[in-house]
Amino acid sequence: MLESQPLLCARAVTKVFPGTVALDGVDFTLRAGEVHALLGENGAGKSTLIKCLSGALRRDDGDILLEGKAIDPRSTLEAQDLGIGCVYQEVNLLPNLTVAENLFLGHQPTRFGMVRTRVMNEKARACLAQYDLDIDVTRNLDSYSVAIRQVIAIARAVSLSGKVLILDEPTASLDAHEVAMLFKVVRSLRDRGLGIVFISHFLDQVFEISDSLTILRNGQLVGSERAANIDRVQLVNMMLGRELQQETRSTGRTDVRTGSPAIRFRSFGRARRVAPFDLDIREGEVIGMAGLLGSGRTETAELLFGIAPHDSGSAEDGEGRLRLDSPRAAIAHGFGFCPEDRKSDGIIGDLSVRENIILALQARLGWMRALPAREQAAMVKDFIRKLDIRTSDMEKPVGQLSGGNQQKVILARWLATNPRFLILDEPTRGIDVGAHAEIIRLIEDLCEKGMSLLVISSEFDELVTYSHRVIVVRDRRHVAELTGAEITTESMVASIAATGSQGDAA
Amino acid sequence: MQCSKTWIGLGALLMAALAAPAAMAQTVGFSQIGSESGWRAAETTLTRMQAEERGITLKFADAQQKQENQIKALRSFIAQDVDAILLAPVVATGWDSVLREAKEADIPVILLDRMVDAPEDLYLTAVGSDLVHEGRVAGQWLVETVGDKPCNIVELQGTTGSSPAIDRKAGFEQAIAGHENLKIIRSQTGDFTRAKGKEVMESFLKAENGGRNICALYAHNDDMAVGAIQAIKEAGLKPGQDILIVSIDAVPDIFLAMAAGEANATVELTPNMAGPAFDALEAYLKNGTVPPKFIQTESKLYTQNDDPAAVYEQKKNLGY
Amino acid sequence: MNAGIRALGRIAPQLATLAAILILVAAVFPGFFDISLANGRLYGSPIDILNRGAPVALLAIGMTLVIATRGIDLSVGAVMAISGAVAASAIAQGLGLAATLALALGAGLLCGIWNGILVAVLGIQPIVATLILMVAGRGIAQLITEGAILTFSHPGLLFIGGGTIAGLPMPVFIWIITGLLVGLIVRRTALGLLIESIGVNLRASRLAGINTKILLVAVYMASGLCAAMAGVIAAADIRGADANNAGLWLELDAILAVVIGGTSLLGGRFSILASLIGAMIIQSVNTGILLSGFPPEFNLLIKATIILIILVLQSPRMVAAFRAGRRVRKTAEAKEESAFS
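What counts and what doesn't
- Residues numbered from 1 in each chain as written.
- Chains lettered and ligands numbered in written order.
- Predicted model: local features only at pLDDT ≥ 70, side-chain atom pairs only at ≥ 80, totals over all residues.
- Heavy atoms only, no water.
- Helix = DSSP H or I, 4+ residues; strand = E, 2+ residues; numbered from the N terminus.
- Rg over C-alpha atoms; globule rule 2.2 N^0.38 Å.
- Buried < 20%, exposed > 50% of the residue type's maximum accessible area, 1.4 Å probe, protein only.
- Contact = heavy atoms within 4.5 Å.
- Areas by Shrake-Rupley, 256 points an atom, 1.4 Å probe, with all protein chains shown as cover.
- Lys, Arg positive; Asp, Glu negative; His and termini not counted.
- Charge placed at Lys NZ, Arg CZ, Asp CG, Glu CD.
- Buried area = accessible area lost by both parts, 1.4 Å probe.
- Salt bridge = Lys/Arg side-chain N within 4 Å of Asp/Glu carboxyl O.
- Polar contact = N/O pair within 3.5 Å; in protein donor to acceptor, adjacent residues only side chain to side chain.
- Axes fitted to C-alpha atoms, helices over the stretch in contact; angles between N-to-C directions.
- Parallel < 35°, antiparallel > 145°, perpendicular 65-115°, else oblique.
- Nonpolar A, V, L, I, M, F, W, Y, C, P; charged D, E, K, R; others polar.
- Pairing = 2+ DSSP bridges.
- Domains from an automatic or database assignment.
- Expected span 1.5 Å × (residues − 1).
- Arc of directions from axis to C-beta.
- pLDDT = per-residue confidence, 0-100.
- Disulfide = S-S within 2.5 Å.

Here we look at the overall build of chain A
If you tally the helices and strands in chain A, you get 17 helices and 22 strands. Rg of the C-alpha trace for chain A: 25 Å, near the compact-globule value of 23 Å for 506 residues, within the 12% margin. Across the 506 residues in chain A, those meeting the buried criterion constitute 53%. When contacts within chain A are restricted to residue pairs at least 6 apart in sequence, long-range pairs at least 24 apart make up 67% of them. For chain A, the exposed surface amounts to about 22,100 Å²; the carbon and sulfur share of it is 48%. Distance between charge centres in chain A, computed from 60 positive and 68 negative side chains, equals 4 Å.

Quick look at the structure:
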């Protein structure tokens, strides 16, 4: 590839939020016809940088040059007109409009003030054809998969702006096949001469697609390199600023927990959600749960925690039967649940870190018995230190923290209630490498202390690392249970891929 | 010309005589708006009483503030072939077709209390009060009572823009015009309610030197006057003496205040619309006397000399 | 100490607005701040504002809690009419003062339970759920009073509306004490936190173990109770229950008071104190208009204009612009200083 003229150039960009310097004099250079990965842990300043570039935020200092000319976009709309388009992780399209409407929203072809639907649909088909996407553009957006929506969002952004395309974690919720499709689109756009900024936590993907890399840490530029000149270990070191101990096992933990189960579920199930299953949980045991998206993993967690209560079977511990018909009831029995969708099910965005951490404990104590302020502060300070939650202040709204830190806050919320059984649904999704390792270490610590955990994850390597047992789910059914040496990535994949499930899905 | 008119008149007379065999109304339908105020409840009570006195069977229909209910009621009265219909219309427009049906069935319709927007030949007559006249009566009372002494008046208006508020204000101003010693110094809306009447009076008192500048209060209805009386008392003044009070409507509660010497005069908006209506109907059915198109009810003035305690006793069971 | 300063900072804009309105009224009506003692009661326009503002202030207390849960209660005006009617008819039937108040407040609680069940259990949107009682409630009140103004003269009941303690009207004590009490309860217990949590994210709150249904019903009950108190005061004030007019449109003033108080209609963070100041701002505007002597045709226009100005000044854009201006000035000053040193 030729060394081309810089397309977009940021010089000494600085952005200050109350209490933190989010960007501290960061330089960034994007050339036409390249895919440039932006890397860093959560909270490193990636999101802030792209928001400054795309007009969502205004920088406090520094210059931004587009094709050599200084620009100062005050809104995403203005940036779009200049040629800078942005596609966020949560696709910001309207699911209840048609594909064509989404593509042309705000600039539909009109005649006498009326939208020319037929012309619009034709243009939409032509537009998507460039991306090898042959779909019915008159159907609502929500009838298509996330990957297709992602491509539609890209098509919209490119058609509106056309010089710079910023992709913020576009692959976070895609499977391998979908990622490949997306990358094909990205490559074709690169070949058309666009400059593409790519943010992802998946290092494999970064190396697969990127021409250049820029690494940020704590709001500062660590380095910028051609992808070919850097290897994986160097990259991780740059991101973390420390050596990462590579500690992976190839099979599951061998210190199998024996002894009588602490909690026993029998024929536990709910019609149309999860087929009845038996499950024993022993003290200090980590149970992994593997399966594809929609296979019944999250449904199982919601069943156990009483969100969608069971309609068959029973649960009991040494003392007797457990009533699990609501989250409150489950919490009363010492259960905890870190949900997969942090934003809608986990954090209370406008409330402070402190309030988010004490919430579950306070709810269990009841409204009459408020935790004294001093006790709250001590407890929260302790969790911030122990879980290494990065926040300038415990009174900071939790919504302003990065994803990994939000996850830790929710973990702290449950640890504060001192649960005996904690369910973690995708605890490491959308979290940077450093926080990832910390959470895995935490899971191991907790089970050492006698807590039982059920961990749902799409990352099989991760399951292998910490699980005593792994339950494999498929088609809303628990289809296999692997123990000790049986736990390998291959065996999990084999169980999921196996055919011959008996009867219909529940 | 003159001749043909006479003939038509004769024809009408003949027809009327044929349509009313007993020459007396036996059954009358009454479509009432609803019971949104005490006054309206009293109107209903008095209509029933008047009908009973005259031996008329009254078919009563409460429309609950809906015109379609009134139209339905009218059609059912027509179907039952009543001798006449009383209608207190909820709105002014949209009556033409149902009134025409009544006319074709030879059933005379008399409007009570409110007018409609329809050709005059579609109804026999309308009975109602003259709002401007009411204001004039109140103003005249004040002019006579005050004489030559200077008098600062505060005015509690009805709901801004409503026709009673506009007309009662105009009538009062007509009556005091030319009397330089009478002056309206403050005028504000009290929305026809006690609570607002009290609150606005409080501000009048504050604004006019604790009420010492105020000689009289004119309230567009009794309810506001009742509220204002409380405000005056709480300010340490004597309503009825320190500040003269005149209002309109003559609801029972104002007679209690007059009996206690706390209010001076009220002008009656009579709820007895049915009395004059039945009188006109009888005369029409008996000897074909065509009544004028508008029959104005009396706007009677009550003062403390009219034995307010006794009037209260009469009025309190009318359903106000 | 620190928390106190933060609390003061929270209500600073409302206090400034109130001060500005009062100064404006005093400019139009010079005798505005005069207070005298007559017949053992304090007498003056500021007292009128505190007294007349009582119904909206009470409604605003309940409304703040409801809005903090991301709800809204349109029925409070109608509930005022119901509780006033219940009080008047109870006292007319010879019941004692205690029993009468218990019935009237009980009616308010019942209305709150009704709203709460529609919202929390049946999942009806609050604006629709409370609209039902807003429409039907006035009809219920009319049934109780049989369409007339039900007057009464029980001295105990009248004292609630017109009596004075230490020269101050009773309604002033009622709303200030209720405000203090509710404020203390929500901030000294965990209720405030739990309510804010529900308002920000209902589902996450439920998953964290908060009993969201009970709590939602409770805030609508609190709103009903506040409305019932306001209704008794309004009835006692005019010595009668006026089912047609008691509390008419006051739900809108109450919502406005909460909004002026800076609580977002999207739920979450709330301040009862700020809402109460909001209620006083609205009443100051009302009283100021009456004192000014302008023709009544201008009442609504003046009120709307003043409120528009308040809301524009409090809008996020203006606040951001104001802060940015202050920061620029500060950095400019800092730069100058460093240039000179």
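Some thoughts on the interface of chain C and chain A
Taken together, the contact between chain C and chain A spans 21 residues of the former and 28 residues of the latter. In total, chain C and chain A occlude about 2,100 Å² of area from one another, counting both sides; carbon and sulfur atoms represent 64% of this. Along the contact surface separating chain C from chain A lie 3 salt bridges. With a closest N to O distance of 3.5 Å, R203 of chain C and E302 of chain A form a salt bridge. For the interface between chain C and chain A, the tally reads 7 residue pairs in polar contact (both at pLDDT 80 or more). With 6 residues, helix α9 (residues 191-200) of chain C is the single largest residue contributor to the side of chain C that touches chain A.

As for the packing of helix α8 (residues 170-188) of chain C against helix α13 (residues 272-292) of chain C
Residue and element names in this part refer to chain C. Where α8 meets α13, the axes come as close as 10 Å, and the angle between the chain directions of the two elements is 155°. The pairing of α8 with α13 is recorded here as roughly antiparallel in orientation. Between α8, through W175, G179, V182, G183 and V186, and α13, the contact on the second element is made entirely by I272, L276 and M280. Tallied by class, the residues present in the contact of α8 with α13 amount to 6 nonpolar, 2 polar and no charged.

Comments concerning the pattern of salt bridges
Here the idea is simple: oppositely charged side chains can pair when their charged atoms come close. Inspection of every chain in the model, using the stated rule, returns 52 salt bridges over all chains. The closest approach of N and O atoms between E285 of chain A and R282 of chain A, which form a salt bridge, is 3.8 Å. There is no split in this pair, since E285 of chain A and R282 of chain A are both buried. Close ionic contact of E285 of chain A with R469 of chain A constitutes a salt bridge, the shortest N to O distance being 2.8 Å. Of this pair, E285 of chain A sits in the loop between β14 (274-281) and β15 (286-290) while R469 of chain A sits in strand β21 (residues 469-474), placing them 184 residues apart in sequence. Sharing partners across several salt bridges, the network here consists of K198, E202 and E234 of chain B together with R41, R52 and D237 of chain C.

Quick look at the interface of chain C and chain B
Contacts between chain C and chain B engage 29 residues on the former and 28 residues on the latter. Between chain C and chain B, a total of about 2,500 Å² is buried, with carbon and sulfur atoms accounting for 50% of that surface. Linking chain C to chain B there are 4 salt bridges. K206 of chain B is the salt-bridge partner of D48 of chain C, the closest N and O atoms lying 2.6 Å from each other. For the pair chain C and chain B, the number of links is 7 residue pairs in polar contact (both at pLDDT 80 or more). Elements supplying a minimum of two residues to the side of chain C that touches chain B: β2 (41-43), α2 (45-52), α11 (212-238) and α13 of chain C. By residue number, the principal contributor to the side of chain C that touches chain B is α13 of chain C, which donates 5 residues. Per-class residue counts for the side of chain C that touches chain B are 10 nonpolar, 12 polar and 7 charged.

Section: helix α1 (residues 46-54) of chain A
Residue and element names in this part refer to chain A. Burial of α1 is extensive: 7 of the 9 residues sit out of reach of the surface. Every buried residue of α1 is listed here: K46, T48, L49, I50, C52, L53 and S54. Note on α1: the residue one or two positions beyond its end, G55, has a positive phi of about 85°.

Comments concerning the sheet that holds strand β6 (residues 151-157) of chain B
Residue and element names in this part refer to chain B. Strands sit in the order β7-β6-β8-β9-β10-β12 across an open sheet of 6 strands; the sheet is mixed. Each end of this open sheet is capped by a strand with a single partner; those strands are β7 (182-189) and β12 (301-303). Looking at each pair of strands side by side, their axes are set apart by 20° on average, direction ignored. Where β6 meets strand β8 (residues 216-219), 4 bridges bridge the pair, whose relative direction is parallel. Paired with V154 across the two strands is L217, which belongs to β8. Seen against the sheet, helix α7 (residues 194-207) touches β6, β7 and β8 and runs at an angle of roughly 130° to β7.

As for the domain arrangement of chain A
All names here are of chain A. Domain annotation of chain A identifies domain 1 (6-96 + 140-240), domain 2 (247-276 + 285-334 + 420-499) and domain 3 (347-418). Just the C-alpha atoms count here: the centres of domain 1 and domain 2 sit 35 Å apart. Each partner contributes residues to the interface: domain 1 has 9 residues there, and domain 2 has 8 residues. Buried surface at the junction of domain 1 and domain 2, summed over both partners, amounts to about 630 Å²; 58% is from carbon and sulfur atoms. Our enumeration of links across domain 1 and domain 2 arrives at 0 salt bridges. Summed over the shared surface of domain 1 and domain 2, the result is 0 residue pairs in polar contact (both at pLDDT 80 or more). When its residues are assigned to classes, the side of domain 1 that touches domain 2 shows 4 nonpolar, 3 polar and 2 charged.

Re helix α6 (residues 163-176) of chain B
Residue and element names in this part refer to chain B. The terminal C-alpha atoms of α6 lie 20 Å apart, and with 14 residues this matches the ideal 20 Å at 1.5 Å per residue to within 8%. By the burial criterion, the buried members of α6 are A165, R168, G171, F172, A175 and I176. Mapping the buried residues of α6 onto a view down its axis gives an arc of 140°, with all of them on the same face. Where α6 is buried, its residues touch α5 (131-146), β6, β7, β8 and β9 (244-249). Positive backbone phi, at 90°, marks G178, one or two positions downstream of α6.

Here we look at the confidence of the model for chain B
Residues and elements named next belong to chain B. Across chain B, the average pLDDT comes to 90, with 92% of residues at or above 70. Here helix α1 (residues 2-19) stands out as the least confident element of chain B, with mean pLDDT 48; β8 is the most confident, with 98. Here residues 1-7 is modelled with pLDDT under 50, and outside its nearest four sequence neighbours on either side it reaches 0 contacts, counting other chains as well. Here the complex is predicted with pTM 0.79, and the ipTM for its interfaces comes to 0.89.

Digging into the domain arrangement of chain B
Each assigned domain of chain B is listed here: domain 1 (2-128 + 271-289) and domain 2 (131-269 + 304-315). With centres defined by C-alpha atoms, the gap from domain 1 of chain B to domain 2 of chain B works out at 35 Å.

Quick word on the sheet that holds strand β22 (residues 477-483) of chain A
Residue and element names in this part refer to chain A. A sheet is described by the order of its strands in space; here 6 strands give the open sequence β18-β19-β20-β15-β21-β22, paired in mixed fashion. Each of the sheet's edge strands pairs with one partner strand only, and the pair in question is β18 (335-338) and β22. Going from strand to strand, the sheet's axes swing by 20° on average, the running direction of each strand aside. By the bridge criterion, 4 bridges tie β15 to strand β20 (residues 452-456) in an arrangement that is parallel.

Thoughts on the state of the cysteines
All names here are of chain A. Under the definition given, this model contains 1 disulfide over all chains. No disulfide involves C52; its nearest neighbouring cysteine sulfur is the one of C86, lying 12 Å away. C447 takes part in no disulfide bond, and the closest cysteine sulfur, belonging to C338, lies 16 Å away. By relative accessible area, which is 0% here, C447 ends up buried.

Focus: the side chain of D242 of chain C
Mapping D242 of chain C onto the fold places it in the loop between β6 (240-241) and α12 (250-260). Within the structure, the side chain of D242 of chain C is placed 3.0 Å from the side chain of N245 of chain C, a separation counted as a polar contact. Ignoring any residue separated from it by four or fewer positions in sequence, one finds D242 of chain C in contact with T193 and R194 of chain B together with I149 of chain C.

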